Every structure is written in C-alpha cells, then in structure tokens.
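So you can see what is in the structure, the chains are spelled out below.
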Amino acid sequence: MKAADIRSTFLKFFESKGHQVVASSPVVPGDDPTLLRTLGRLCAAQGLWGKAEEFLVLASRAAPERETQLLLGQLYDRLGRAGEANERYRLAALADTEALAPLPPAAPIGGEAS
C-alpha cells in the first residue's frame with residue numbers, strides 16, 4: 001500500500017464519522033513578513049543558523065523592514081560575516097526613511113560663494 005492510499009483511507013474514515021476534510025496548507029509560510037521573522041527568531045534561538053537566515057531573508061524580501069534588517073545584521077555578526085552584517089545594518093538605517101526630509105544642498109567648500 002502506498003502513502004497516498006493510506007492518506008486517502010484515513011481521510012475517508014474521518015469523513016464517514018462526520019468530520020470535514022479540508023485542503024492542507026503549505027509548509028512554507030508564503031510571504032507574511034511577521035511570521036517569517038518570527039520563524040527566523042525561533043530558529044536562531046535554537047542555533048539553527050541556516051534556517052534562521054533563510055526565514056529572515058525571505059521576510060526581508062517580503063517587506064524590507066528595519067527590524068528584519070537588524071536581526072539579519074545580528075545573525076551575520078554571530079556568524080563572523082562582518083561585511084554582510086554591516087550591509088544589513090546600513091539597510092536598517094535606511095529603512096523607512098521616505099518620511100524624512102532630504103539633506104539640504106551642500107555648502108561650497110571653504111565658504112566660497114559660487
């Protein structure tokens with residue numbers, strides 16, 4: 001008997017007892033940045049660095065929020081990947097800056113007027 005047959009028999013049994021059979025949800029949590037970030041935190045807490053990175057990168061792609069960039073920076077620091085950590089810290093500093101006023105034009109060097 002194959003796994004698909006066992007699953008089908010199992011579902012038919014419970015359906016015959018009045019239970020409703022519903023479609024399975026995907027194992028990969030789509031593109032919910034909060035869920036992906038939470039999974040990344042949980043994996044990091046367990047020392048599952050590769051999985052933590054995977055979930056945090058997916059969260060960053062779904063929504064490049066400051067918190068996610070900071071978590072990736074911290075993760076890369078722990079892994080000794082300073083260049084990648086610095087890039088994530090830079091992205092965190094730049095996140096959500098569209099509400100900030102831009103810098104004014106630079107003054108001429110040496111106080112000379114143009």
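## Examining the nonpolar core
By size, the foremost hydrophobic cluster in this structure holds 13 residues, and its most contacted members are Ala52, Leu56, Leu72 and Tyr76. Taken together, the elements giving at least two residues each to this core come down to helix H2 (33-45), helix H3 (49-62) and helix H4 (66-78). It is H3 that provides the largest number of residues to this core, a total of five residues.

## Some details on a nonpolar patch on the surface
Taken together, Phe10, Phe13 and Phe14 make up a surface patch of nonpolar side chains, about 300 Å² in accessible area. Residue position: Phe14 is located in helix H1 (residues 3-16). Look at Phe14 and you get partly exposed, because its relative accessible area is 32%.

## Digging into the pattern of salt bridges
Taken as a whole, this structure holds seven salt bridges when the rule is applied. Of the charged contacts in the structure, one is a salt bridge between Glu53 and Arg81, with a shortest N-O distance of 3.0 Å. Taken together, the positions of Glu53 in helix H3 and Arg81 in the loop between H4 and helix H5 (82-94) put the pair 28 residues apart, joining distant regions of the chain. Linked by salt bridges that have partners in common, Arg37, Arg41, Glu65 and Glu67 make up one network.

## Points about the confidence of the model for the protein chain
Averaged over every residue, the pLDDT of the protein chain is 87; the share at 70 or more is 90%. Mean pLDDT across the secondary structure elements of the protein chain bottoms out at H1, with 89, and peaks at H4, with 96.

The rules behind each value
Residues numbered from 1 in each chain as written. Predicted model: local features only at pLDDT ≥ 70, side-chain atom pairs only at ≥ 80, totals over all residues. Heavy atoms only, no water. Core = buried A, V, L, I, M, F, W, Y, C linked by side-chain atoms within 4.5 Å. Buried < 20%, exposed > 50% of the residue type's maximum accessible area, 1.4 Å probe, protein only. Helix = DSSP H or I, 4+ residues; strand = E, 2+ residues; numbered from the N terminus. Patch = residues over 30% accessible without salt bridge, like charges linked within 9 Å, V, L, I, M, F, W, Y side chains within 5 Å. Areas by Shrake-Rupley, 256 points an atom, 1.4 Å probe, with all protein chains shown as cover. Salt bridge = Lys/Arg side-chain N within 4 Å of Asp/Glu carboxyl O. pLDDT = per-residue confidence, 0-100.

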